Amino acid sequence: MNEFLFCDPSSSSLVEEFRKTLCSLWQGSQTAFSPESLFYVIWKIMPNFRGYQQQDAHEFMRYLLDHLHLELQGDCNGVSRSTIPPDGVMLSAGGKCCINGTSTVVTAIFGGVLQNEVNCLICGTESRKFDPFLGKAPAHDVSGLYVDAYIIPHRVRFSRISPFDFLFLSDLSLDIPSQFRNKRTKNQESGLICTLRDCLRSFTDLEELDETELYMCHKCKKRQKSTKKFWIQKLPKVLCLHLKRFHWTAYLRNKVDTYVEFPLRGLDMKCYLLEPENSGPESCLYDLAAVVVHHGSGVGSGHYTAYATHEGRWFHFNDSTVTLTDEDTVVKAKAYILFYVERQTKSGTDAKL
């Protein structure tokens, strides 16, 4: 990985400090490692994360991946030197969408493509446009006139969302369906338990947009009722699933503390693909590699820990303490972010979701 994660050390390079951190972590030392240099570079190039207040782990991950990708594309100031067509899109020989024309280790690992399809219910018009970029969360208002903010280091950009977009995805942000939001633990109540499949289905199901999200139909020349549906056009090697546990109300941001059941092995993503017939039997199966958990009542407080697997064993990471744990403990965690790795070879019986 060193050949990819390299940048001029004479400047404030997130890539270089991240490379040094990875090397230190893999040296096999039995003591805790404090990435102070990486910490201060993040402060310098990501002003939003300065200070010692509580930060959101998912937001930080998006900033980090985005800036790493930009540095690796161009120079160490996060300015891309890549040559991109005016519409930001390149097509492969098979007509598939390529991500910004320049691949990096970030896109090679986390890069996927999401298709957003909107249909006018009056005339049936289906508009299409390619619009890939890094780190963009899928828009839920796809009216064509809606202005949506997305994170780029040092600034906030604004982009109009077309009715039919191919978007780069480094993760999928999934709502916990409202009917499950009062179930806090796996064994608290009888009845149905919220599963990861429920959250994925909620994300990809056909949805009729309400009156506040009327689609500007170019054929009808006015805003019309429409339907929206997401498809995955290309799956990444590492699938990151973010469960949206924090929701804004009029005065504060509440936490959804619902337990969501998730599989350790054999997460099958084939039914969410745009063209599942073109995927091999193993290419859509994912096994869990890590889980991020938020402990506490709100985004502005609490504590983060993580579970991760290495050489078939599970470990719990809590600040400087690392302890051996087991699968039964992992599956009971109230996951905030789940990291699944694409299965390379067939191994054992699949625990399908």
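Residues numbered from 1 in each chain as written. Predicted model: local features only at pLDDT ≥ 70, side-chain atom pairs only at ≥ 80, totals over all residues. Heavy atoms only, no water.

**Student:** Mind showing me how you'd approach the overall build of the protein chain here?
**Tutor:** Each helix and strand in the protein chain was counted, giving six helices and 20 strands. Every one of the 353 residues in the protein chain was classed for burial, and the buried ones make up 48%. Once local pairs closer than 6 in sequence are excluded, the contacts in the protein chain between residues at least 24 apart make up 66%. (Helix = DSSP H or I, 4+ residues; strand = E, 2+ residues; numbered from the N terminus. Buried < 20%, exposed > 50% of the residue type's maximum accessible area, 1.4 Å probe, protein only. Contact = heavy atoms within 4.5 Å.)

**Student:** Would you take a moment to explain the confidence of the model for the protein chain for this structure?
**Tutor:** Parts of the model with low pLDDT should not have their predicted coordinates read in detail. Confidence in the prediction for the protein chain averages 75 pLDDT; 69% of positions are at 70 or higher. In the model, residues 129–167 has pLDDT below 50 throughout and makes 128 contacts with residues more than four positions away in sequence or in other chains. Long-range and interchain partners of residues 347–351, a stretch whose pLDDT sits below 50, account for five contacts in this model, where long-range means more than four residues apart. (pLDDT = per-residue confidence, 0-100.)

**Student:** Hey, could you run me through the packing of aromatic side chains in this one?
**Tutor:** Centre-to-centre distance and the angle between the planes together describe a pair of aromatic rings. Across all of its chains, the model carries eight aromatic pairs by this definition. Ring centres 5.8 Å apart and planes at 90° place the aromatic pair Tyr40 and Trp43 in the edge-to-face group. Separated by three residues within a single helix, Tyr40 and Trp43 lie in helix H2 (residues 36–45), roughly one turn from each other. Classification of Trp43 by relative accessible area gives buried; the value is 18%. With centroids separated by 5.0 Å and ring planes inclined at 85°, the aromatic side chains of Phe49 and Tyr63 adopt a geometry described as edge-to-face. Here Phe49, found in the loop between H2 and helix H3 (57–73), pairs with Tyr63, found in helix H3; they are 14 residues apart in sequence, far enough to count as distant. Each member of the pair, Phe49 as well as Tyr63, carries the same accessibility label: buried. Clustering of aromatic rings is evident, with ring pairs tying together Phe39, Tyr40 and Trp43. A cation sits over an aromatic face here: Lys229 above Trp231, 4.4 Å from the ring centre. (Phe/Tyr/Trp six-rings, centres within 6.5 Å; stacked < 30°, edge-to-face > 60°. Lys NZ or Arg CZ within 6 Å of the ring centre and 35° of its normal.)

**Student:** Can you help me understand the pattern of salt bridges in this one?
**Tutor:** Inspection of the entire model under this criterion finds 10 salt bridges. One salt bridge connects Lys225 with Glu211, and the closest N-O pair in it is separated by 3.7 Å. Here Lys225, found in the loop between strand E10 (222–224) and strand E11 (226–234), pairs with Glu211, found in the loop between strand E8 (207–208) and strand E9 (215–217); they are 14 residues apart in sequence, far enough to count as distant. Taking relative accessible area as the criterion, Glu211 reaches 54% and is therefore assigned exposed. Between Asp287 and Arg343 there is a salt bridge whose closest N-O contact spans 2.7 Å. (Salt bridge = Lys/Arg side-chain N within 4 Å of Asp/Glu carboxyl O.)

**Student:** Is there a simple way to explain the packing of helix H1 (residues 14–25) against H3 in this structure?
**Tutor:** The packing of two helices is summarised by the inter-axis angle and the distance between the axes. The interhelical angle for the contact between H1 and H3, taken along N-to-C directions, is 110°, at an axis separation of 9 Å. It follows from the interaxial angle that H1 and H3 lie roughly perpendicular. In this structure, H1 uses Leu14, Val15 and Phe18 to contact H3, whose residues at the interface are Leu64, His67, Leu68, Glu71 and Leu72. Here the contact of H1 with H3 is composed, by residue class, of six nonpolar, one polar and one charged. (Axes fitted to C-alpha atoms, helices over the stretch in contact; angles between N-to-C directions. Parallel < 35°, antiparallel > 145°, perpendicular 65-115°, else oblique. Nonpolar A, V, L, I, M, F, W, Y, C, P; charged D, E, K, R; others polar.)

**Student:** Is there a simple way to explain helix H5 (residues 196–204) in this structure?
**Tutor:** For the α-helix, the turn length of 3.6 residues means that residues three or four positions removed from each other point alike. Residues of H5 that are buried include every one of Leu196, Asp198, Cys199, Leu200, Phe203 and Thr204, and no others. Tucked inside the fold, the buried residues of H5 contact strand E3 (112–120), strand E7 (172–175), E11, strand E12 (238–244), strand E15 (267–268) and strand E20 (335–342).

**Student:** What's the story with unusual backbone geometry in this structure? I'm lost.
**Tutor:** A negative phi angle is the norm for most residues apart from glycine, just as the trans form is the norm for most peptide bonds. Of note, Lys221 is a non-glycine position whose phi angle comes to about 65°, a positive value. Structurally, the position occupied by Lys221 is in the loop between E9 and E10. At Glu311, a position not held by glycine, the phi torsion is positive, near 55°. Tracing the chain through its elements places Glu311 in the loop between strand E17 (303–310) and strand E18 (313–318).

**Student:** Even after reading the chapter, I still don't get the environment of Gln54, so can you show me in this structure?
**Tutor:** The residue Gln54 is located in the loop between H2 and H3 in this model. Linking Gln54 and Gly302, residues 248 residues apart in sequence, is a C-alpha distance of 7.7 Å.

**Student:** Can you walk me through the nonpolar core in this structure?
**Tutor:** Inside soluble globular proteins, nonpolar side chains tend to come together where they are buried. Among the nonpolar cores identified, the biggest contains 37 residues, and Leu196, Leu241 and Tyr340 are the most heavily contacted of them. Within the residue set of this core, elements represented by two or more residues are E7, H5, E11, E12, strand E16 (285–295), helix H6 (327–331) and E20. Every residue in contact with Leu241, bar those within four places of it in the chain, is listed here: Leu172, Leu174, Leu196, Leu200, Leu267, Tyr336, Ile337, Leu338 and Tyr340. (Core = buried A, V, L, I, M, F, W, Y, C linked by side-chain atoms within 4.5 Å.)

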